[in-house]
Amino acid sequence: MSHYVAVADADAIAEGSSKVFTIDDIRVAVCRVEGEYYAFEDVCTHDDAPLGEGRLLGFEIECPRHGARFDVRDGHVTRMPAVAPLPTFPVKVEGGRILVDLEED
Ligand code: FES
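This structure is a prediction, so every number in the text was calculated from the model and none was measured. (Residues numbered from 1 in each chain as written. Predicted model: local features only at pLDDT ≥ 70, side-chain atom pairs only at ≥ 80, totals over all residues. Heavy atoms only, no water.)

J.: Got a minute to help me understand the overall build of the chain in this structure?
T.: If you tally the helices and strands in the chain, you get 0 helices and 11 strands. Listing each helix as α and each strand as β along the chain from the N terminus yields β-β-β-β-β-β-β-β-β-β-β. Oriented by its inertia axes, the alpha-carbon framework of the chain measures out at about 40 × 30 × 20 Å. Here the chain holds 105 residues, and 41% of them are scored as buried. Here the chain has roughly 5500 Å² of accessible surface; of this, 45% comes from carbon and sulfur atoms. Across the chain, the centroid of the 10 positively charged side chains sits 6 Å from that of the 21 negatively charged ones. (Helix = DSSP H or I, 4+ residues; strand = E, 2+ residues; numbered from the N terminus. Buried < 20%, exposed > 50% of the residue type's maximum accessible area, 1.4 Å probe, protein only. Areas by Shrake-Rupley, 256 points an atom, 1.4 Å probe, with all protein chains shown as cover. Lys, Arg positive; Asp, Glu negative; His and termini not counted. Charge placed at Lys NZ, Arg CZ, Asp CG, Glu CD.)

Following this line, the structure appears as structure tokens:
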């Protein structure tokens, strides 16, 4: 069952950047790439570093601790040392607000 939660105004996240929100005790990073929004858990699967603080390189987020990278579109690992995929969440924009669905991944 979907459960979309509003996290921010759509224009609050600039192209090529990300922001972190805490929703129901889950830290979620939302980024904007090529006009689309992507949401993923703000916790690196390698050693729990805060991924939202990492660099965004196109569709990849780079972990600030050891440099692992994940594709923000589906969470798959694109560079070691992480091996487990990153949980991602569905995102939509309605009425100028970004909504994230935490019930799915
Ligand atoms: S904690 Fe992210 S690469 Fe190690």
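J.: Can you help me understand the packing of aromatic side chains in this one?
T.: Here a ring pair, both rings aromatic, is described through the centre-centre distance and the interplanar angle of the planes. A full pass over the atoms with the stated rule returns 1 aromatic pair. Their ring planes at 85° and their centres at 5.9 Å tell us that Y38 and F59 sit as a pair that is edge-to-face. With a gap of 21 residues between them, Y38 in strand β4 (residues 36-41) and F59 in the loop between β5 (56-57) and β6 (60-62) connect regions that are remote in the sequence. Exposure class is identical for Y38 and F59. Each is buried. For the cation-ring pair, R73 lies above F59, with the distance from its terminal atom to the ring centre recorded as 3.9 Å. Just above the ring of Y4 sits the side chain of K92; from NZ or CZ to the centre is 4.1 Å. (Phe/Tyr/Trp six-rings, centres within 6.5 Å; stacked < 30°, edge-to-face > 60°. Lys NZ or Arg CZ within 6 Å of the ring centre and 35° of its normal.)

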